[in-house]
Amino acid sequence: MRGIRVLIRRLGVPKNQEWSALASMAFFALFIGGVVGVKSASNALFLSRHDARVLPALYVLSAAAVAFGSYLMAQPLARFSAYSVGRHVLRGSALVLVGLGVLATTDLPGVHALLYVSGETYTTLLSILFWGTLAEVFDLRTSKRMLGMIGAAGMAGSVIGGAIVSNLSSLIHPAIQVIAAGFILAAAYPVFRIIGRGAGGTMIPRTTGGQARINAGLHYTRAERYPKLLGALVVALSLLSALVDYLFRSAVASERDAASMNALFGAYNADAGLIALFFQLFLSRYLLGRMGLFPFLMLIPIAVAIASAAAIGFSGSITPLYALKVVQSVGSFSVTSAAVALLYNPIPAPIRGSLRALLDGTVKKIGSALCGLLLLVLGLTWPAAIHPVTVLIV
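This structure is a prediction, so every number in the text was calculated from the model and none was measured.

Turning our eyes to something else, we now look at the environment of Lys-39. Along the chain, Lys-39 falls in helix H2 (residues 18-49). C-alpha separation for the pair Lys-39 and Val-117, spaced 78 residues apart in sequence, amounts to 9.9 Å. Within the structure, Lys-39 has its side chain in polar contact with the side chain of Glu-120 (distance 3.5 Å).

Take a look at the structure:
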């Protein structure tokens, strides 16, 4: 045990925060592994029973659900720490996943759409609370040092979760993955509690001081330029992510059944996780130190542009779209999310949680909703415009 603590300190973690750092990595790995199972199952079940052209409507519904959930979550975040709120949301999410998984085995009308929307909602809300908790535990300097380690742990979860889904998809109903994800999330609850505890007890206060208003994040955004720029960045990245997702999933749905789609979705998560794991372990810390935060953040959009150009050149094959989705996934759960989390550190602590819920929840999903509405309109009026060229332009 002592050797592990010494190793963690050598990586730049302050004394008495070693267990918090280890718990952060363990929790993120479990969380991402569960997310892979839920999203692979929900997409496979929905697309096997509905036309892929309905997907944009789910983007809009998911955006509305996340916006509503973020608004509800912003209220306690104005008074309590992300760590305190996160413990309650985590337990509730685990119960909801188990219940939805059981319902999904019955093939009731509308249950697969509900599962899709719920999967997007719990992923976003718990991500907000997880990164918010880390900002409460670690200072900016330590957060930068841990960026690669935590991202690597998450991608290890993606590799393991994706490999399990890919190999077991022909043996079990996809809904079983959702039930398993709920139990995994419940098992991760004690790990999440350790994040907020040091050698001497609770590190994070239960409240934020009680001075912030429920709409503190909104008022701060109106008054300052920095959160407006941050919100614009979040919307742009979300729009790009939704567009890539639709191109890939609509191509897959046209030629596969639920089991094979589930296997393919698991495989791309495993591939994306493996690439991101290498990036986080060997390149992330070095590039962040050499380039700075903003150039580092632009790495994924540049890589997506290159993959889009390849998809344009080889439009007759699904492989370029697969590669495009892999690149986008590397950013969504690792590089981009972790780097954006650091951008919240300059925000005053009493309103940081409220603003994070506003931007990462409501504002982020505005990008997905805009993309969904755009795709619905183009699908009716100009289907040929839904093409990798559009990704390159974005």
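Here we come to a nonpolar patch on the surface. A surface patch of nonpolar side chains, about 530 Å² in accessible area, is lined by Ile-160, Ile-164, Leu-168, Leu-171, Ile-172 and Ile-176. Among the elements that take part in the nonpolar patch, helix H6 (residues 140-168) stands out by supplying 3 residues, more than any other. Checked against the element boundaries, Ile-160 lands in helix H6. The exposure class of Ile-160 is exposed, given its relative accessible area of 52%.

Where helix H4 (residues 82-104) meets helix H7 (residues 174-187), the closest approach of the two axes is 8 Å, and the angle between their N-to-C directions is 160°. Of the possible angle classes, the one that applies to H4 and H7 is roughly antiparallel. Remark: the crossing between H4 and H7 carries left-handed chirality. Where H4 abuts H7, its residues Leu-90, Ser-93, Ala-94, Leu-97, Val-98, Gly-101, Val-102 and Ala-104 lie against Ala-175, Val-178, Ile-179, Ala-181, Gly-182, Phe-183, Leu-185 and Ala-186. In terms of residue class, the contact of H4 with H7 is made up of 13 nonpolar, 3 polar and no charged.

The subject of this paragraph is the nonpolar core. If you look at the biggest cluster of nonpolar residues, it comprises 86 residues, and the most contacted ones within it are Phe-27 and Phe-31. Broken down by element, this core gets its largest block of residues, 15 residues, from H2. Dropping the residues within four chain positions of it, Phe-27 is found in contact with Leu-90, Phe-130, Ala-188, Val-191, Phe-192 and Ile-195. Counting 20 residues, the second largest nonpolar core, distinct from the first, contains Leu-237, Leu-288, Phe-296 and Val-363.

Evaluated as defined, the whole model comprises 4 salt bridges. With its nearest N and O atoms 2.6 Å apart, the salt bridge here joins Arg-249 to Asp-245. With Arg-249 and Asp-245 both in helix H10 (residues 226-253), this residue pair falls 4 residues apart, about one helical turn. Judged on exposure class, the residue Arg-249 and its partner Asp-245 are both buried. Residue Lys-325 is joined to Asp-245 by a salt bridge in which the shortest nitrogen-to-oxygen separation is 3.1 Å. Residue Lys-325 is located in helix H14 (residues 319-342), and its partner Asp-245 is located in helix H10; the two are separated by 80 residues in the primary sequence. Residue class for Lys-325 comes out buried when judged on its relative accessible area of 5%. Look at the salt bridges and you will find they share partners, linking Asp-245, Arg-249 and Lys-325 into a network.

Reading the values: the criteria
- Residues numbered from 1 in each chain as written.
- Predicted model: local features only at pLDDT ≥ 70, side-chain atom pairs only at ≥ 80, totals over all residues.
- Heavy atoms only, no water.
- Helix = DSSP H or I, 4+ residues; strand = E, 2+ residues; numbered from the N terminus.
- Polar contact = N/O pair within 3.5 Å; in protein donor to acceptor, adjacent residues only side chain to side chain.
- Patch = residues over 30% accessible without salt bridge, like charges linked within 9 Å, V, L, I, M, F, W, Y side chains within 5 Å.
- Areas by Shrake-Rupley, 256 points an atom, 1.4 Å probe, with all protein chains shown as cover.
- Salt bridge = Lys/Arg side-chain N within 4 Å of Asp/Glu carboxyl O.
- Buried < 20%, exposed > 50% of the residue type's maximum accessible area, 1.4 Å probe, protein only.
- Axes fitted to C-alpha atoms, helices over the stretch in contact; angles between N-to-C directions.
- Parallel < 35°, antiparallel > 145°, perpendicular 65-115°, else oblique.
- Left-handed = near helix turned anticlockwise from the far one by under 90°.
- Contact = heavy atoms within 4.5 Å.
- Nonpolar A, V, L, I, M, F, W, Y, C, P; charged D, E, K, R; others polar.
- Core = buried A, V, L, I, M, F, W, Y, C linked by side-chain atoms within 4.5 Å.

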